[in-house]
Amino acid sequence: MISQNHPNRVLEIGCGPGIWLSALESQYDVTGLDIRMDILRVARANSNAELIRADACRLPVRADCYDMIMGIDVLEHVVDDAKFLDETLRALKPNGNLLITTLIQERKGYVRKFVFEDHVREYSSEGIQKKLREAGFRVVNISHFYGPLQTTAREWASFFENRRFIGPFVML
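(A) Fine view of the environment of Ala-56. With respect to the secondary-structure elements, Ala-56 resides in the loop between strand 3 (50-53) and strand 4 (66-72). Accessibility expressed as a relative area gives 11% for Ala-56, which makes it buried. When the C-alpha positions of Ala-56 and Glu-87 are compared, they lie 7.6 Å apart, and in sequence the two are 31 residues distant. Look past the residues within four positions of Ala-56 in its chain and what remains in contact with it is Ile-13, Leu-33, Phe-84 and Glu-87.

(B) View of the pattern of salt bridges. Within this structure, the stated rule accounts for eight salt bridges. Residue Lys-131 pairs with Asp-81 through a salt bridge whose shortest N-O separation is 3.3 Å. Of the two residues, Lys-131 is situated in helix 4 (residues 125-134) and Asp-81 in helix 3 (residues 81-91); the sequence distance between them amounts to 50 residues. Under the relative-accessibility criterion, Asp-81 is labelled buried at 7%. Look at the salt bridges and you will find they share partners, linking Asp-81, Arg-121 and Lys-131 into a network.

(C) Highlighting the side chain of Glu-12. Position of Glu-12 among the secondary structure elements: in strand 1 (residues 9-13). One buried charged residue, Glu-12, forms no salt bridge at all, with the nearest opposite charge on Arg-44 at 12 Å. The residues contacting Glu-12, other than those within four sequence positions of it, are Trp-20, Leu-21, Thr-31, Gly-32, Leu-33, Met-70 and Ile-72.

(D) Local environment of the environment of Gly-71. Within the fold, Gly-71 resides in strand 4. Accessibility expressed as a relative area gives 1% for Gly-71, which makes it buried. Taking the C-alpha atoms as reference points, Gly-71 and Cys-15, 56 residues apart in sequence, are found 8.0 Å from one another. For Gly-71, the residues in contact, after removing those within four places along its chain, are Ile-13, Leu-99, Ile-100 and Thr-101.

(E) The sheet that holds strand 3, seen in detail. Pairing in this open sheet of five strands is parallel, and the strands run 3-2-1-4-5 from one edge to the other. Looking at strand neighbours, the two that pair on one side only are strand 3 and strand 5 (92-101), the edges of this open sheet. The mean inter-strand angle of the sheet, taken between neighbouring strand axes irrespective of direction, is 20°. In the packing of helix 2 (residues 37-46) onto the sheet, contacts are made with strand 2 (29-34) and strand 3, and the angle to strand 3 comes to roughly 175°.

(F) Region of interest: the environment of Leu-24. By secondary structure assignment, the location of Leu-24 is in helix 1 (residues 19-24). Judged by relative accessible area, Leu-24 falls into the buried class, the value being 18%. The spacing of Leu-24 and Ser-47 is 23 residues in sequence and 9.6 Å in space, taken between C-alpha atoms. With residues near it in sequence (within four places) discarded, Leu-24 still touches Val-10, Val-30 and Met-70.

What counts and what doesn't
- Residues numbered from 1 in each chain as written.
- Predicted model: local features only at pLDDT ≥ 70, side-chain atom pairs only at ≥ 80, totals over all residues.
- Heavy atoms only, no water.
- Helix = DSSP H or I, 4+ residues; strand = E, 2+ residues; numbered from the N terminus.
- Buried < 20%, exposed > 50% of the residue type's maximum accessible area, 1.4 Å probe, protein only.
- Contact = heavy atoms within 4.5 Å.
- Salt bridge = Lys/Arg side-chain N within 4 Å of Asp/Glu carboxyl O.
- Lys, Arg positive; Asp, Glu negative; His and termini not counted.
- Pairing = 2+ DSSP bridges.
- Axes fitted to C-alpha atoms, helices over the stretch in contact; angles between N-to-C directions.

See below:
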């Protein structure tokens, strides 16, 4: 996924508590970015990566500086997804990779009644591919990996973090 021919710089947008940062920092030059300072404090406890507090639609980085940018379950939270994609494309080196994960409407076990209060939108598989192409990306791989167990895990994680469920608890 990431070339081994030269030092690799990886930016994780929406790094949250730093789980991916800590997993990658022994092999790559990783930077975490999040808009919430309280979350970055948790990331600092879990990772030695460089951390930046910033809005993902106004990345405070120079152009062409990252080999890979990751947005794990972030895009559905961003109001201006086109600006987010423009900024990631600007910050990526030529032939760099963007790794995006997001909930897809037609996923197995999807229940329209789930309400994720912090989601601005959800995408269809076709819709996310169209959005990426419009932003100038070449879609290399699309895969689906969420199912009822991951949705249940997300519900429980939200409950323990916020002391409330973010949607009705339904499994198919």
